[in-house]
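Structural overview
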Amino acid sequence: MTELGNNAKAGLVEALNGALADTFALYIKTKNFHWHVAGPRFRDLHLLFDEQAAQLIGTVDDIGERVRKNGENTLTSIGSIAKATRVKDQDDVTISADSMVEELRDANRKLHDRLNEVKDESEKVGDNATSGIVDDWIDQCEERIWFLGQTAK
């Protein structure tokens, strides 16, 4: 990667840390729903949510390492995640399975928007490695949105 000044990378690092925050928050929300889903579709949704949570947590380290490879600092705490995320908390463990599916679909859409910001910023600064890697993250996110959208029908 070409060595760029901190000002040139600021937008990319902000987008990466935003994606990191959204991914962590979405992971927690997905595990929450995995643990609390109930009803006739329990088994299918319990397994779907667990698969999606595993995929999300698998991305967290990659995003954080992209920030570090750009010579910057990542998020450092639950508080820093809460400040940076666009994914809303859901503490009501009694919401319906349908509502859980819809909330996860919508939260993944927010993450998708953020990942597109990472893509745009990485291309602006010529960070080809990040630009290539984020394509995989976007593809995974699109698959989650697709699965959840089909489940919500």
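Residues numbered from 1 in each chain as written. Predicted model: local features only at pLDDT ≥ 70, side-chain atom pairs only at ≥ 80, totals over all residues. Heavy atoms only, no water.

1. Structural notes on helix 2 (residues 42–69)
Note the threshold: Here a strand is any run of E in DSSP of at least two residues, a helix any run of H or I of at least four, and the numbering for each starts at the N terminus. Here the expected span of a helix is defined as 1.5 Å times the quantity of residues minus one. Residue burial is assigned from relative accessible area. The probe radius is 1.4 Å, only protein chains are included, and a residue is buried under 20% of its type maximum, exposed over 50%, and partly exposed in between.
With 28 residues, helix 2 ought to run about 40 Å at 1.5 Å a step, and its terminal C-alpha atoms sit 41 Å apart, in line with that. Looking only at helix 2, the buried set comprises Leu45, Leu48, Phe49, Gln52, Ala53, Leu56, Thr59, Val60, Ile63, Gly64, Arg66 and Val67.

2. Some points on the confidence of the model for the protein
Rules: Confidence of the predictor in every single residue is expressed as pLDDT, which spans 0 to 100.
Within the protein, residue pLDDT values average 95, and 96% of them lie at 70 or more. Per-element mean pLDDT across the protein ranges from 95 in helix 1 (residues 6–36) up to 98 in helix 4 (residues 97–124).

3. Section: the pattern of salt bridges
Quick reminder of the rule: Take a side-chain nitrogen of Lys or Arg and a carboxyl oxygen of Asp or Glu: if they are within 4 Å of each other, that pair is a salt bridge.
In this structure the tally under the stated criterion is eleven salt bridges. When the shortest N-O distance is used, the salt bridge between Lys31 and Asp50 registers 2.7 Å. Of this pair, Lys31 sits in helix 1 while Asp50 sits in helix 2; the two residues are 19 residues apart in sequence, bridging distant segments of the chain. Where Arg66 meets Asp127, a salt bridge forms, and the shortest distance between an N and an O atom there is 3.5 Å. With Arg66 in helix 2 and Asp127 in the loop between helix 4 and helix 5 (128–152), this pair connects stretches of sequence that are 61 residues apart. For the pair Arg66 and Asp127, one class covers both residues: buried. Through salt bridges with shared partners, a single network forms among Arg105, Asp106 and Arg109.

4. Side note on the environment of Lys124
Convention followed: Pairing of N or O atoms within 3.5 Å defines a polar contact, subject to two protein rules: one partner must be a possible hydrogen donor and the other a possible acceptor, and residues neighboring in sequence count only if both atoms are side-chain atoms.
Relative to the helices and strands, Lys124 is located in helix 4. Residue classification places Lys124 among the exposed positions, given a relative accessible area of 63%. The sequence separation of Lys124 and Leu12 amounts to 112 residues, and the corresponding C-alpha distance is 8.6 Å. At 3.2 Å, the side chain of Lys124 and the side chain of Glu121 are in polar contact.

5. Comments concerning the environment of Tyr27
Note the cut-off: Should any heavy atoms of two residues lie within 4.5 Å, those residues are considered in contact.
With respect to the helices and strands, the residue Tyr27 is situated in helix 1. Judged by relative accessible area, Tyr27 falls into the partly exposed class, the value being 23%. If we skip the residues at most four places from it in the chain, Tyr27 touches Ala53, Leu56 and Ile57.

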